[in-house]
Amino acid sequence: MVNPFFMFILAFSAVILSFFFGWSSIYPSFSSDVLFFFIVMFLLAGVLGYFIYKSNVISFKKIKSTTNVVWLVVIVLIGTLAEGAYNHGFPLQFMLQGKDSGYTEFGIPTVHVFLLTLTAFLTTYLWHLILSSTGKLRNQYILLCVLSCIPYVLEVNRGMFMMVMINCFTIFILAIWKKIKVRHIIGLAIFGVVGLFLFGVMGNARVNTSYQNGRSAFDSASIMQIGGATEKFKSSKIPKEFFWGYIYASSPVANFQKNVDYSKTTEKITVSKVNSMFFGELLPNFIGKRALANSDYKEVKIQQITPELNVGTALSSPYRLLGWIGVTMYVIIIFAGAYVYLYFLYKLNSRFFIVGLSVLNTIFALTIYSNMIQATGLSLQLAYPIIFALIDSYADYSNKSYLKI
């Protein structure tokens, strides 16, 4: 069954396996201490995941909503329009005019992060309602779900849209889990292969256009040069477009290994480093960046195998700060936090449990790329299932059902 701990094992197993393909000459050798660390963490995650699985707390349940969900969509759209007015336009508008979209600066300060994360929660919740309903009601929820996606389009926020899609994919898998057959698995595998090929084609188009080298979208020479493709791969019959998928999957682990090779773990542990570990790696960045404004470690620079491939998993910065102590601390804290979060949400008997679970799964899956606890746009989504579950509990206690969404 899908849960964050199994997701952690699956995600890192996939990238570690791809690392061993040996298609890049610039990757460092995988060391025994890194391998040992992952084995221990996989065992720990496996035990926690097994406990969650055996407890039967994770299963797809159909839910219902009220007309208040419509008003919540209206609030999100009005808020988005207000942000557009505040910024004198939307990133999509600027991009179509040939200007810098400025999407990273878009929004009303402070308000934007809460509005964006509420929108992401709402889209995920509406998807759960779609899978829980039929007929005209389902069509209404589909319309509301599409409307809730308008902010991602106007803001050209591909990252948030991708994370929401992963949320929704988790809920979809839970919904069809007991109905999955071999043909579905084969179909997903084919879809994955085709998707990886198209990902490579689009990557070629973007890079070749950026470099203005005149190469077509089916010419992978640029990415193979950046990623140091080996002669073994170049001479193979594997379509070269797949090198994009390989690089994106395996380079974060390669960067983590480079940091392990480079860092002097005997360096003294200081108060500044511990503060940076706590505020910078274990809290959302809208809190951490303020707490560390005057710190020497407000920004941790990791070692990279090449400037273009700058992602090092969620583990690189903790290692740069505190060595193996930092990495172990990070993993144990996020494991414990996830376990407590799921337990608390389950005890609330909440219809938002699956939404909270899907966000946790996304956080754990994307640790192969970056620290998603630090990423406010994703980690803050965890607050809404708790908030609305508490509202439900209060409404049931005081017979004020009009509060529910």
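Note: the structure precedes this text.
Within each chain, residue numbers correspond to sequence positions counted from 1 in written order. Selection of residues for local features in this predicted model requires a pLDDT of at least 70, selection of side-chain atom pairs for listing and counting requires 80 or more, and totals for whole chains, interfaces and linings are taken over all residues. Working from all heavy atoms in the structure, the side-chain values ignore hydrogens and water.

## Points about a nonpolar patch on the surface
Patch definition: residues with relative accessible area over 30% and no salt bridge; like charges joined within 9 Å; nonpolar side chains (Val, Leu, Ile, Met, Phe, Trp, Tyr) joined within 5 Å. Accessible surface area values rest on a Shrake-Rupley calculation with a 1.4 Å probe, where residue burial reflects the displayed protein chains alone. Definition used for salt bridges: Asp or Glu carboxyl oxygen within 4 Å of a side-chain nitrogen of Lys or Arg. Residues V182, I186, I190, V194, L198 and M202 make up a contiguous nonpolar surface patch of roughly 590 Å² in combined accessible area. Each helix is a run of DSSP H or I of at least 4 residues and each strand a run of E of at least 2, with the numbering of both proceeding from the N terminus. Counting through the fold element by element, V182 comes out in helix α9 (residues 182-211).

## What to know about the packing of aromatic side chains
Between the rings of Phe, Tyr and Trp (Trp by its six-membered ring), a pair exists once the centres lie within 6.5 Å; its type follows the angle of the planes, with under 30 degrees stacked, over 60 edge-to-face, and the other angles tilted. With the rule as written, the count across this model stands at 41 aromatic pairs. Between the aromatic rings of F5 and F335, the centroid separation amounts to 5.5 Å while the plane-to-plane angle is 85°, which identifies the pairing as edge-to-face. Of this pair, F5 sits in helix α1 (residues 4-19) while F335 is found in helix α15 (residues 316-347), placing the two residues 330 residues apart along the sequence. Across the pair, F335 and F5 agree in class, each one buried. A centroid spacing of 4.9 Å and a plane angle of 50° characterise the contact between F8 and F12, whose relative ring orientation is tilted. Of this pair, F8 and F12 both sit in helix α1, four residues apart, which is roughly one turn of the helix. Here the term buried applies to any residue with accessible area under 20% of the maximum for its type, exposed to any over 50%, and partly exposed to those in between, with areas from a 1.4 Å probe on protein chains only. We classify F12 as buried; its relative accessible area is 0%. Taken together, the ring pairs in this structure connect F5, F8, F12, F37, F38, F42, F256, Y319, W324, F335, Y339 and F364 into an aromatic cluster. By definition here, charges over rings are those cases where NZ of Lys or CZ of Arg is within 6 Å of the ring centre and within 35 degrees of the ring normal. Residue placement shows K240 over the ring face of F233; its charged tip is 5.3 Å from the ring centre.

## Digging into the pattern of salt bridges
Scanning the entire structure with this criterion turns up two salt bridges. A salt bridge links K234 to E231; the nearest nitrogen and oxygen atoms lie 3.8 Å apart. Of this pair, K234 and E231 both sit in helix α11 (residues 231-234), three residues apart, which is roughly one turn of that helix. Note on K234: relative accessible area 41%, which makes it partly exposed. R351 is the partner of D392 in a salt bridge, and the nearest nitrogen-oxygen pair spans 2.7 Å. You can see D392 sitting in helix α18 (residues 383-398) and its partner R351 sitting in the loop between α15 and α16 (353-365), a full 41 residues away along the chain. Pair check on accessibility: D392 and R351 agree, each one buried.

Any link to function would need more than the numbers given here.
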